[in-house]
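Geometric and topological summary
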Amino acid sequence: MMKGWLQNNLSKIKEALFKTRTGLQSQPVPTKDLIIEINDDFYDDLLEKFIKADIGIDLSEKIVSNVRNKITDQKINKSKIQIILKDSIRSVVGAFHETPLQELSINGLNILLIVGVNGSGKTTSIGKLAKHFKEEDFKVLIVAADTFRAAAGEQLDIWAQKAGVEIFSPPDIKKPDAVIFNAIEKAKKDNYNLLLVDTAGRLHSQTNLMDELKKIDAVIVKACHGMSSVKTLHATSQQYEKLIVLDATIGQNAIIQAELFSKAIGLTGIILSKLDSSAKGGVILNIMNKLSLPVKLIGTGEKIDDLAQFNMNEYLEGLLI
């Protein structure tokens, strides 16, 4: 059911990476036939640009070293350098990180647990996901499990209306894990096949928040396991993803956040938001290099359709060309 995901994916990614790509370019108006002299200044300049793009010092050095090993000529045209750069990045970072969002079946219950700190773009990402999957004919229910901030529920309700989906936000239930439990019961009763779960995003260093997330995770795991023995619509194809929304503009701090949340509940992937607002789009490579965690989706703008499924080839096209 993922075949309809943003047919203009590549153009969206290219537009979102404009600021990063501009910083990586050595010439104001680069051309494919431009001949570039290869010397120590070229490699120093390349390393500096990679670091500024937030690819990270260690990873940048590894990529540049790989590029050195691949270039044997003293002069080379820009188009060939682009090919070498892409090959070097792929070989250093590794293709195994290309893990797309799980195939979600309309004949089963799918749950996407969305975590992240306040201000990361979590609510916006949920709205974009809801819109996309509704258009893929899923019956979507947004679950408001952040019971600590009234504003969180209000913002989520606005995005639910934009996406044209229902929201589950019971005013009489204050415990987030209880909200999840009741949402799953509602899904079974009313044949929803996708739950998008919003969670609290207070400071990630707070122990009580992580304990809360662990309880939510336990409820979902137990519910999905229990459904496997029940002959209902949801007896098969249960998919459960735990995705963290990270703000691309915060660079290295995104890696720290991902590490902490993953330690608590074992994340399955990342949604990188606000890519269009950042000159640090290289952080995607750094995240994948440092964590055994794939970037699955990227936010490419503020509109409800501005969400793209991550693809390494498309990303490198947008980053370097």
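Let us look at the structure shown here. (Residues numbered from 1 in each chain as written. Predicted model: local features only at pLDDT ≥ 70, side-chain atom pairs only at ≥ 80, totals over all residues. Heavy atoms only, no water.)

This paragraph deals with the side chain of Glu-241. Its place among the elements puts Glu-241 in strand 7 (residues 239-247). Assessed through its relative accessible area of 0%, Glu-241 is described here as buried. In terms of polar contacts, Glu-241 uses its side chain to reach the side chain of Lys-296, at 3.0 Å. If sequence neighbours within four positions are ignored, Glu-241 has contacts with Pro-100, Leu-101, Gln-102, Ile-111, Leu-112, Leu-113, Thr-268 and Lys-296. (Helix = DSSP H or I, 4+ residues; strand = E, 2+ residues; numbered from the N terminus. Buried < 20%, exposed > 50% of the residue type's maximum accessible area, 1.4 Å probe, protein only. Polar contact = N/O pair within 3.5 Å; in protein donor to acceptor, adjacent residues only side chain to side chain. Contact = heavy atoms within 4.5 Å.)

For the rest of this paragraph, the subject is the pattern of salt bridges. Counted according to the given criterion, the structure contains 13 salt bridges. Ionic contacts of the salt-bridge type, sharing partners, join the residues Lys-131, Glu-135 and Asp-305 into one network. (Salt bridge = Lys/Arg side-chain N within 4 Å of Asp/Glu carboxyl O.)

Time to look at the pairing of strand 8 (residues 269-273). Extensive coverage of strand 8 is indicated by the burial of five of its five residues. Every second residue of strand 8 is oriented toward a common face, with Gly-269, Ile-271 and Ser-273 on one face and Ile-270 and Leu-272 on the other, all of them buried. Assessed by its sense of winding, the connection that carries the chain from strand 7 through helix 10 (residues 252-265) to strand 8 is right-handed. Here strand 8 runs beside strand 9 (residues 295-299); their pairing, made up of three bridges, is parallel. When the sheet's bridge partners are listed, Leu-272 is paired in strand 9 with Ile-298. (Right-handed = clockwise from strand over helix to strand, strands pointing away. Pairing = 2+ DSSP bridges.)

Counted according to the given criterion, the structure contains three aromatic pairs. Where Phe-310 meets Tyr-315, the ring centres are 5.5 Å apart and the plane angle is 50 degrees; that geometry is what we call tilted. A residue is classified by how much of its surface remains accessible, and Tyr-315, at 0% relative accessible area, is buried. Over the face of the ring belonging to Tyr-192 we find Lys-139, whose NZ or CZ atom lies 4.5 Å from the ring centre. (Phe/Tyr/Trp six-rings, centres within 6.5 Å; stacked < 30°, edge-to-face > 60°. Lys NZ or Arg CZ within 6 Å of the ring centre and 35° of its normal.)

This part covers helix 12 (residues 312-320). Met-312, Tyr-315, Leu-316, Gly-318, Leu-319 and Leu-320 are the residues of helix 12 that are buried. Looking at where helix 12 begins, the residue whose side-chain oxygen comes 3.0 Å from the main-chain nitrogen of Asn-313 is Asn-311.

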